[in-house]
Amino acid sequence: MILRPQIDDVKVVGYYLGNLIVGIAIVSIIPLIACLVSSEWDPALDFTIGISISFLFGYLMLIACRTKKEINWTHGMIVVSLSWVVASVFGAIPLYLSDHFMSFLDAVFEAMSGYATTGLTLAVDLDHMSYGHNLWRHLIMFIGGQGIVVVALTFLIKAGGGAFKMYVGEARDERIMPNIIHTARFIWLVSIVYLVLGTLGLGIASTLAGMPFGKSLFHGACITMAAFDTGGFAPQSQNVLYYHSGLYESINIILMFFGAINFKLHYALWVGNKREIYKNVETRLFAITIVFTFFLTAVGLAKTGIYSNAVVLFRKGFYHLISGHTGTGHGTLYARQFATQWNELSLIGIVIAMALGGAVCSTTGAIKMLRVALIFKAFKQDVKQFLSAESAVIIQKLHHVKDIIIEDKQTRAAALIMLAYILCYFFGAIIGVLYGYPFLLSLFESTSACANVGLSCGITTPSMPWVLKVVYIFQMWAGRLEFISVFVFMGFLISAVRGKS
Amino acid sequence: MKKLFLIFSVLFTVYSLQFTACFAAEPVSSDKLIENENFYDGKEVVYKGEAVGDLMKRGDHFWINILEGSNAIGIWCTLNMKNTIQITGDYGHKGDIMQVRGIFHKACKEHGGDLDIHAMEIFKLSPGQKTEDIIEPRKVIAAIVFSVAALAAGIFYFITKRRPL
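Residues numbered from 1 in each chain as written. Chains lettered and ligands numbered in written order. Predicted model: local features only at pLDDT ≥ 70, side-chain atom pairs only at ≥ 80, totals over all residues.

Comments concerning the overall build of chain B
- Looking only at helices and strands, chain B features four helices and seven strands.
- Listing each helix as α and each strand as β along chain B from the N terminus yields α-α-α-β-β-β-β-β-β-β-α.
- By the burial criterion, 33% of the 165 residues in chain B qualify as buried. (Helix = DSSP H or I, 4+ residues; strand = E, 2+ residues; numbered from the N terminus. Buried ≥ 20, exposed ≤ 12 C-beta atoms within 10 Å, placed from the backbone.)

Right, here's the structure in full:
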């Protein structure tokens, strides 16, 4: 029997959301400072309005939703799923006011794309965007990569039972450290170390490429936030093509790769356990799937004959393959070139890579390596069982930081999430086809949105149908949260209507 | 016969001039170049747009990205062309409007497969300028109203927070 939620249930959710909105207001002060430092007065007003609206709504919710009721699993899931929508709506306010978006829906799309670390963009005239707005686009990507709840756990919410309930809802079911607050802080520590290293590396690369040093550092910070958090935004409309630099692309690849590996693995490396990187099932499978999908892409590109030699083919093919596989979405091609230059086989290679994604508990989206490994091992176990004596008990193990014996429960959970992703990829593709786009291109764009990648073959533009924008927003949201908390939220809505009191 | 020769000469000259004007003076849009890259690949094109971002020096050449419509295309120029570009577009500036004549590459061998144009000639059509950061009065009013309301809500929240439920 489904119970209708009580007013106190709504208050618990509202209270945590109020905290989150106040958090967004506080974080928005960073781009406001950037505007003031760079004498961008009109953008500074955009942020002042955005910050004050966020504080206003946040405090009103905190006042209206005070309750003694403790947060439970259902509340945790709903808070998380709504957090991303609320963060996108409030985060969109300064973007919309910037006049770089044709509608508020476009600004919400951009904010969701940022928080979900997708990287699809609907910004108009990006090359004339202010430092403040550009910093905000990349900052929301940095926050989204670590997870909005991880941010809240680190800075706003006190340790307690509610913390883990929300952490799990945000598609992070692995504790790196016994305490969830320490886990959240470790995730931030790793991210900030990479931010500093990436900013310096890319800053030096773009200075060598001929850019002024100060601007190089700004671009370096933006691109690092987008690459390590497997986001894909860039400060200029040409994305990474703007820099025309092989060195820049190489550093970018390293950052994308580190963004796609499990934070548990980062921890293992942090404490000096270097062997784990070779033993871990996710890194091994990641290497295999990179080779396989790059083979498809390279054969496809070779057949087209567009790239005159192997070095050029490797540079273009491998860069976009890694960008797709890690769920980043940085590119050195114009979106339409995927449609006009690349053939079906090369696109299929990228689509498979995007659909698979990186490691669990990383900043990447999509199905993820551990789930693929679990399902593959379960298949292997079943086949072995058929080939063995009836009484034999076949055990399958995989190594993920420690040796794990595979159980049916884990396989079932992995299979369900994999199925949800595949259905969601096709759902978006069918909507695209309904609007007249070719199937493969629709699948490419839909997979890119749902797997939080951000590579585009030209469908995502400000002039695309609004229904498709809404579908992609939903896909980015559901895909980032790995569906469960979104389904719980939908169940909550249904129970509010049909549940027994 | 002389008259006939003269008429033919005039007609031929007019025709030739018209053809040359059509080919050399009509810039191709960025969308057209990207959509029809196979057609334009390796051909001489004329491209016009706003210089944006940075002039990036590479040895005896430099890169400049020129924005037309919704795409900016990288232009590979020799260093002696650098002085033609004074202002590049960004938040505070409208960049110089440049016209480039050069060879279009859909996947340049020299530059890692990038789509680019190698400039043979570049000149400024109109100079760029600083753009004013216009402050809209309605934004100022909105900022004041919402800030005051947020402050009031914040004070009320901290007062009520201390009271027991």
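There's more to say after this.
Here's the deal with the overall build of chain A
- For chain A, the count of helices and strands is 22 helices and two strands.
- Relative to the compact-globule value of 23 Å for 501 residues, chain A shows a C-alpha radius of gyration of 22 Å, a close match.
- With the principal axes as the frame, chain A shows a C-alpha extent of 65 × 60 × 50 Å.
- Counting the 501 residues in chain A, one finds 59% classified as buried.
- At a minimum sequence separation of 6, the contacts of chain A that also span at least 24 residues come to 74%. (Rg over C-alpha atoms; globule rule 2.2 N^0.38 Å. Contact = placed C-beta atoms within 7 Å.)

What about the interface of chain B and chain A?
- Contact with chain B, which involves 45 residues of that partner, is made by 46 residues of chain A.
- Within the residue set of the side of chain B that touches chain A, elements represented by two or more residues are α2 (30-35), β1 (44-58), β2 (61-68), β3 (71-78) and α4 (137-162) of chain B.
- Looking at which element gives the most residues to the side of chain B that touches chain A, the answer is α4(B), with 13 residues.
- Taken together, the residues that form the side of chain B that touches chain A break down as 22 nonpolar, 11 polar and 12 charged. (Nonpolar A, V, L, I, M, F, W, Y, C, P; charged D, E, K, R; others polar.)

A closer look at the sheet that holds β1(B)
Residue and element names in this part refer to chain B.
- The five strands are arranged β1-β2-β3-β6-β5 in a closed barrel whose pairing can be described as mixed. Across the sheet, the mean angle separating the axes of adjacent strands is 50° when strand polarity is ignored.
- Bridging between β1 and strand β5 (residues 97-105) involves seven bridges; their strand directions are antiparallel. Its bridge partner being in β5, Glu44 is matched across the sheet by Ile103. (Pairing = 2+ DSSP bridges. Axes fitted to C-alpha atoms, helices over the stretch in contact; angles between N-to-C directions.)

A short note on unusual backbone geometry
All names here are of chain A.
- In this structure, Ser39 is a non-glycine residue whose phi angle is positive, near 55°.
- Although it is not a glycine, Asn239 sits at a positive phi angle of roughly 60°.
- The topology assignment puts Asn239 in the loop between α10 (213-228) and α11 (246-259).

Thoughts on the pairing of β2(B)
All names here are of chain B.
- Among the eight residues in β2, six count as buried, and that is most of the element.
- Bridge analysis of β1 against β2 gives six bridges, and the strand direction is antiparallel. In the strand pairing of β2, Glu50 is matched with Leu67.
- Here β1 folds back onto β2 in antiparallel fashion, the turn holding two residues, of which Gly59 has a positive phi close to 60°.
- Adjacent in sequence and paired antiparallel, β2 and β3 are bridged by two residues, among which Gly69 carries a positive phi angle near 65°.

A word on the confidence of the model for chain B
- Mean pLDDT over chain B stands at 86; residues scoring 70 or higher make up 85%.
- Contacts for the low-pLDDT stretch residues 14-23 of chain B, under 50 throughout, to residues beyond four places or in other chains number zero contacts. (pLDDT = per-residue confidence, 0-100.)

Points about the environment of Ala496(A)
Residues and elements named next belong to chain A.
- Tracing the chain through its elements places Ala496 in helix α22 (residues 484-498).
- Taking the number of C-beta atoms within 10 Å as the measure of exposure, Ala496 has 13 and is therefore partly exposed.
- Placed 491 residues apart in sequence, Ala496 and Pro5 show a C-alpha to C-alpha distance of 5.8 Å.
- Residues within four places of Ala496 in sequence aside, it is in contact with Arg4 and Pro5.

Some words on the nonpolar core
- Counting residues in hydrophobic clusters, the biggest one holds 189 residues, and the most contacted among them are Ile21(A) and Ile66(B).
- Per-element accounting of this core gives the leading share, 13 residues, to helix α4 (residues 73-97) of chain A.
- A domain split of this core shows at least three residues from each of domain 1 (7-259) and domain 2 (274-464) of chain A.
- Setting aside chain neighbours within four positions, we find Ile66(B) in contact with Tyr47(B), Gly49(B), Glu50(B), Ala51(B), Ala72(B), Ile73(B), Ile75(B), Met98(B) and Val100(B). (Core = buried A, V, L, I, M, F, W, Y, C linked by C-beta atoms within 7 Å. Domains from an automatic or database assignment.)

Description of helix α9 (residues 180-208) of chain A
- Its 29 residues place the ends of α9(A) 42 Å apart at the C-alpha level, agreeing with the 42 Å of an ideal helix rising 1.5 Å per residue.
- Looking one or two residues beyond α9(A), the residue adopting positive phi is Gly210(A), at roughly 110°. (Expected span 1.5 Å × (residues − 1).)

Let's talk about the domain arrangement of chain A
Residue and element names in this part refer to chain A.
- As far as domains go, chain A holds domain 1 (7-259) and domain 2 (274-464).
- Just the C-alpha atoms count here: the centres of domain 1 and domain 2 sit 25 Å apart.
- The interface is formed by 30 residues belonging to domain 1 together with 26 residues belonging to domain 2.
- Broken down by secondary-structure element, the contributors of at least two residues to the side of domain 1 that touches domain 2 are α10 and α11.
- No other element matches the seven residues that α11 contributes to the side of domain 1 that touches domain 2.
- Residues of the side of domain 1 that touches domain 2, tallied by class, amount to 14 nonpolar, 11 polar and five charged.

Quick look at the pairing of strand β6 (residues 116-126) of chain B
All names here are of chain B.
- Across three bridges, β3 lies against β6 in parallel orientation. Note that in β6 the partner of Ile75 across the bridge is Ile117.
- Judged from the nine bridges that link them, β5 and β6 form a sheet pairing that is antiparallel. Opposite Phe104, over in β6, you have Ile117 as the bridge partner.

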